[in-house]
Amino acid sequence: MKKHLFDNDWLFDLGDAGEPGKNCNDASWRRLDLPHDWTIELPRGKDNPAGAAGGYVIEGVGWYRKHFHAPRAWGDQRVLVEFEGVYRDAEVWLNGRPLGVHPYGYTTFALDLTSCLELDADNVLAVRVNNTPHGHTRWYSGSGIYRHVWLLTAPRVHVAHWGLAVTTPKITDKAAVVQARTTVENRTDTDRALVVRWRAVGPTGRTVAKGESRGKVQAGATAEFKQRLNVRAPKLWSPGRPDLYRMETEVHEGRTRLDGDSTTFGIRTIAFNAEQGFVLNGRPLKMRGGCVHHDCGPLGAASIDRAEERKVEVLKASGFNAVRCAHNPPAPAFLDACDRLGMLVMDEAFDGWRLHKERNFHDYHRYFDKWWREDLDSMVLRDRNHPSIVVWSIGNEVEERGLPEGAAIAAMLAARVRELDPTRPVTAGVCDIWGVSAWERADPLFAQLDVCGYNYRLDVYRPDHGRFPKRVILATESFPSPQFAFDYWRAVEDLPWVAGDFVWTALDYLGEAGIGHDLLEGDRLPLKIGWPYTLANCGDLDICGGKRPQSYYRDVLWKRAEAPYLGVRAPVPEGRRAVASLWGWVDLQESWSWAGCEGKTLAVEVYFDCDEIELFLNGRSVGRAPAGLEAKHRALFDVAFEPGELKAVAIRAGKAVAETALITAGAPRALRLTADRSRIRADRNDLAYVTVELCDRKGRPVPDGADSVRFAVEGPGEIFAVANADPKTVAPYRGREHRLWRGHGLVVLRPKGPAGNIVLHAIADGVQPGKVAVSTTAP
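**Considering the overall build of the chain**
In step 1: If you tally the helices and strands in the chain, you get nine helices and 47 strands.
In step 2: Across its three principal axes, the chain shows a C-alpha extent of roughly 90 × 65 × 55 Å.
In step 3: Of the contacts formed within the chain by residues at least 6 apart in sequence, a portion of 71% connects residues at least 24 apart.
In step 4: Approximately 30,000 Å² of the chain is accessible, and the part contributed by carbon and sulfur atoms is 49%.
In step 5: On the chain, the mean spot of the 101 positive side-chain charges and the mean spot of the 102 negative ones are 5 Å from each other.

**Let's talk about the nonpolar core**
In step 1: Core analysis: the largest hydrophobic core is formed by 107 residues, its most contacted members being Trp-353 and Tyr-461.
In step 2: The contact partners of Trp-353, leaving out residues within four places of it in the chain, are Tyr-364, His-365, Phe-368, Ile-394, Gly-395, Val-398, Glu-400, Gly-406, Ile-409, Ala-410, Leu-413 and Leu-445.
In step 3: Within the second largest apolar cluster, 29 residues are counted, among which are Trp-10, Leu-34, Tyr-64 and Ile-145.

**Section: the packing of helix 2 (residues 305–317) against helix 3 (residues 332–341)**
In step 1: Two elements in contact, helix 2 and helix 3, have axes whose closest approach is 8 Å; the angle formed by their N-to-C orientations is 40 degrees. Put simply, helix 2 runs oblique to helix 3. Our pair here, helix 2 against helix 3, has a crossing hand that is right-handed. Contacts between helix 2 and helix 3 involve Asp-305, Glu-308, Glu-309, Lys-311, Val-312, Glu-313 and Lys-316 from the former and Ala-333, Phe-334, Ala-337, Cys-338, Arg-340 and Leu-341 from the latter.
In step 2: Residues that form the contact of helix 2 with helix 3 fall into these classes: six nonpolar, no polar and seven charged.

**Here's the deal with the packing of aromatic side chains**
In step 1: The full count for this structure, using the stated rule, is 36 aromatic pairs.
In step 2: Measuring from ring centre to ring centre gives 4.5 Å for Tyr-104 and Tyr-364, while their planes differ by 50 degrees; the resulting arrangement is tilted. Placement of the pair is Tyr-104 in the loop between strand 7 (97–102) and strand 8 (109–112) and Tyr-364 in the loop between strand 23 (344–348) and helix 4 (368–383), with a sequence separation of 260 residues. An identical accessibility class is assigned to Tyr-104 and Tyr-364; each is buried.
In step 3: Clustering of aromatic rings is evident, with ring pairs tying together Tyr-87, Tyr-104, Tyr-106, Phe-350, Tyr-364, Tyr-367 and Phe-368.
In step 4: The residue whose ring lies beneath Arg-288 is Trp-558, and the NZ or CZ to ring-centre distance is 5.6 Å.
In step 5: A cation over a ring is seen here: Lys-728 above Tyr-533, with NZ or CZ 4.9 Å from the ring centre.

**Examining unusual backbone geometry**
In step 1: Backbone torsion omega between Tyr-87 and Arg-88 reads -5 degrees, so that peptide bond is classified as cis.
In step 2: With respect to the helices and strands, Arg-88 occurs in the loop between strand 5 (77–83) and strand 6 (90–94).
In step 3: Residue Pro-133 is reached from Thr-132 by a cis peptide bond, and omega for that bond is -10 degrees.
In step 4: Position of Pro-133 among the secondary structure elements: in the loop between strand 9 (121–131) and strand 10 (149–155).
In step 5: Here Asp-9, not a glycine, exhibits a phi torsion of approximately 60 degrees, which is positive.

**A short note on the sheet that holds strand 10**
In step 1: Here we have four strands laid out as an open sheet, ordered 1-10-5-8, and antiparallel in their pairing. The sheet terminates laterally at strand 1 (2–5) and strand 8, the two strands that pair on one side only. Neighbour-to-neighbour, the strand axes of the sheet open up by a mean angle of 25 degrees, direction not taken into account.

**Section: the sheet that holds strand 24 (residues 389–396)**
In step 1: Taking strand neighbours around the barrel as the criterion, the eight strands line up as 21-22-23-24-25-26-27-28 in a closed arrangement whose pairing is parallel. Neighbouring strand axes in the sheet, compared pairwise and without regard to direction, differ in orientation by 25 degrees on average.
In step 2: Those strands touched by helix 5 (residues 404–420) are strand 24 and strand 25 (426–430), and its axis lies near 155 degrees from that of strand 24.

**What about the pattern of salt bridges?**
In step 1: One pass over the structure, following the stated rule, counts 64 salt bridges.
In step 2: A salt bridge links Asp-26 to Arg-65; its shortest N-O distance comes to 2.8 Å. With Asp-26 in the loop between strand 2 (10–14) and strand 3 (30–32) and Arg-65 in strand 4 (residues 60–70), the pair connects residues that are 39 residues apart, well separated along the chain. For the residue pair Asp-26 and Arg-65, the accessibility class agrees, reading buried in each case.
In step 3: Put simply, Arg-700 and Asp-696 hold a salt bridge, and the shortest N to O gap is 3.1 Å.
In step 4: The network of salt bridges with shared partners includes Arg-306, Glu-309, Glu-313, Arg-340 and Asp-676.

**A word on the environment of Arg-324**
In step 1: As for its position among the elements, Arg-324 is in strand 22 (residues 322–325).
In step 2: As a C-alpha pair, Arg-324 and Val-380 span 56 residues in sequence and 15 Å in three-dimensional space.
In step 3: What Arg-324 contacts, discounting residues up to four positions off in sequence, is Gly-290, Cys-291, Val-292, Met-346, Glu-348, Gly-395, Asn-396, Gly-429, Asn-455, Thr-476, Glu-477 and Phe-502.
In step 4: In this structure the side chain of Arg-324 is engaged in a polar contact, spanning 2.9 Å, whose partner is the side chain of Glu-348.

**Some details on the environment of Ala-603**
In step 1: Tracing the sequence through the fold places Ala-603 in strand 33 (residues 601–607).
In step 2: Classification of Ala-603 as buried rests on a relative accessible area of 19%.
In step 3: It is 33 Å that separates the C-alpha atoms of Ala-603 and Cys-296, two residues lying 307 residues apart in sequence.
In step 4: For Ala-603, the residues in contact, after removing those within four places along its chain, are Gly-567, Val-568, Arg-569, Arg-577, Phe-637 and Asp-638.

**Examining helix 8 (residues 482–494)**
In step 1: In this model helix 8 runs 19 Å from its N-terminal to its C-terminal C-alpha over 13 residues, within 8% of the 18 Å that 1.5 Å per residue would give.
In step 2: Residues Pro-482, Ala-485, Phe-486, Tyr-488, Trp-489, Ala-491 and Val-492 constitute the buried set of helix 8.

**A short note on the side chain of Asp-37**
In step 1: Considering the arrangement of structural elements, one finds Asp-37 in the loop between strand 3 and helix 1 (51–54).
In step 2: Of note is the side chain of Asp-37, whose polar atom sits 3.0 Å from the backbone nitrogen of Thr-39.
In step 3: Polar contacts involving the side chain of Asp-37 include one to the side chain of Tyr-140, which spans 2.5 Å.

So, how was this worked out
Residues numbered from 1 in each chain as written. Predicted model: local features only at pLDDT ≥ 70, side-chain atom pairs only at ≥ 80, totals over all residues. Heavy atoms only, no water. Helix = DSSP H or I, 4+ residues; strand = E, 2+ residues; numbered from the N terminus. Contact = heavy atoms within 4.5 Å. Areas by Shrake-Rupley, 256 points an atom, 1.4 Å probe, with all protein chains shown as cover. Lys, Arg positive; Asp, Glu negative; His and termini not counted. Charge placed at Lys NZ, Arg CZ, Asp CG, Glu CD. Core = buried A, V, L, I, M, F, W, Y, C linked by side-chain atoms within 4.5 Å. Buried < 20%, exposed > 50% of the residue type's maximum accessible area, 1.4 Å probe, protein only. Axes fitted to C-alpha atoms, helices over the stretch in contact; angles between N-to-C directions. Parallel < 35°, antiparallel > 145°, perpendicular 65-115°, else oblique. Left-handed = near helix turned anticlockwise from the far one by under 90°. Nonpolar A, V, L, I, M, F, W, Y, C, P; charged D, E, K, R; others polar. Phe/Tyr/Trp six-rings, centres within 6.5 Å; stacked < 30°, edge-to-face > 60°. Lys NZ or Arg CZ within 6 Å of the ring centre and 35° of its normal. Pairing = 2+ DSSP bridges. Salt bridge = Lys/Arg side-chain N within 4 Å of Asp/Glu carboxyl O. Polar contact = N/O pair within 3.5 Å; in protein donor to acceptor, adjacent residues only side chain to side chain. Expected span 1.5 Å × (residues − 1).

Structure, rendered in structure tokens:
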């Protein structure tokens, strides 16, 4: 099949006044390019019906229409439209004729346009998206056609949709056996004698193996062709060296090539066992994991390829080697990036089964019985060739987990996954059975899994190993807070049957507002604060991709830190100390600029793997604090603020081995703009992320001042999003003005038009303006 990107020049209307037919007057509708999330464009507010779970947003109903010309050459073709993701309850028509519906917002689906096309004429594809009623999600979902749309064309005899599968059943240092399988559809009324050929292309672009298979496909039927190819001296895929191969397949009839397809794949072996945990290519590897929701921060759910790639980049740069796609299949671009950059993946299907979650009366449970098989098949068939995926998850914290029907459903789902892909294990994230003390009630469900996912059950790792010595445990969710993070990772290091840890979460996200917060010791607050929070505020990385204190602490736990992290807590009432919620972290800042706090006591935290930390203020020793294992590598100080330099010196075996200093910033002087890349493609699927900083005359960041910054762009690009990392912000992520938070902000540029130079200007009252140029090149 040939794939044609179908994202450009759609028409959109918010509301339910649209119609599916060609006669609908759409002249006044908004013209836009997909992917698109209308919810992120609308104001957030305390009284909005999505509430704390959805990030206090507006959802609703929207219509999309796409006008396109169908050439006469399509008369002998099969034509499909593929939607990577529509949230949610999508209804699709072509020229007023219904094509189908798809309720689940996270799985890819394809619909056949062939019989409804009008050749050599204008055609109208209409999509109604219904993101009501509320109570359908526990986090921000977004609304609309938020992932790519593709037009697929193929002759009547063709490779089936998702019909090419590649596995690597046997690997040695000298050779790898690569199993290629191609499913061919015959949409004609005669039997066809065919030859299917395969060519494996190595990481350098050289052909490394070929094969072919002959057979007959009966009229109106499908048939699978398969062949084993031998690849000599294979380069094995791993997070440290993500070498990728490409498999190409062609369908021939006589001397005529009818159709073809291709996919990337990797050569690697995976295993889980209680003696070594996770084993990749014959070597044990601890999974340094984090849970990640589908949103792209200030872009909302809009799944631009570069945004998905950047998520993987910043996670990789912060030490993660594994992600859990919580709690749904991710965008294909995210998985492509994981393949290229080297990130292990847990691909997850559902957040719920037959029973609804909490007050989510309109979640997936409404569709489960009718749609689970189609949605599960979509995930596995679409994603099975990604070498980054090492485990499938069939659910998260399902309400049935302690009930007999929970084990039955798990058995049903796991059996289907193994039927489609017997090469990977099956897991599910299981938490405590709320209101019941008998954790053992989850055992029948666990018995259906290959790897057992434990959410927040560090306390039973050892007892459960005693009960089930062969059980392999993954911490599918763990508390990130300082009172737990050390112990969770220490268990992974010490207990071989615990294969890894997936912290909740790796990236901050929209919705589930205020689940991560700090409070004063002795105060009692709700588990989830909600308003004025609009973000979860629990990621190792903030919504702009910046490292937060917990990420620096994890660097220490993962033995990656080269220098101490030095953070300062804003003043609290005398005699009180800030503590973190289960999913939070104490609000620390890498700043020694606290105007108006002279003489006040500030709490200081230093993280490093050493014996002790000595703290200096303006050259004077404030004191020493332990930072070894017993202190969990956290040294705590109370320091009376005075401007100047605060320096932390790490001491190991009596010698200073590393240091970090914070210096009081001067008055705000200028704005500094830094693009993540100076050159991008002139392609709507590329982006430039520009960090905005307020600096003093020496270029040091200033944490306050310049409350509002105005932006302007010239050249072939547009401002796609503006943001800061404030978890309580309600400022819009769309526009040309935004405030800085603690001296930082973010602007996302999107190419528009031909290649050239995009120049972003930033202006704020009382300081020098800033600008940055990003060049775009032809794709």
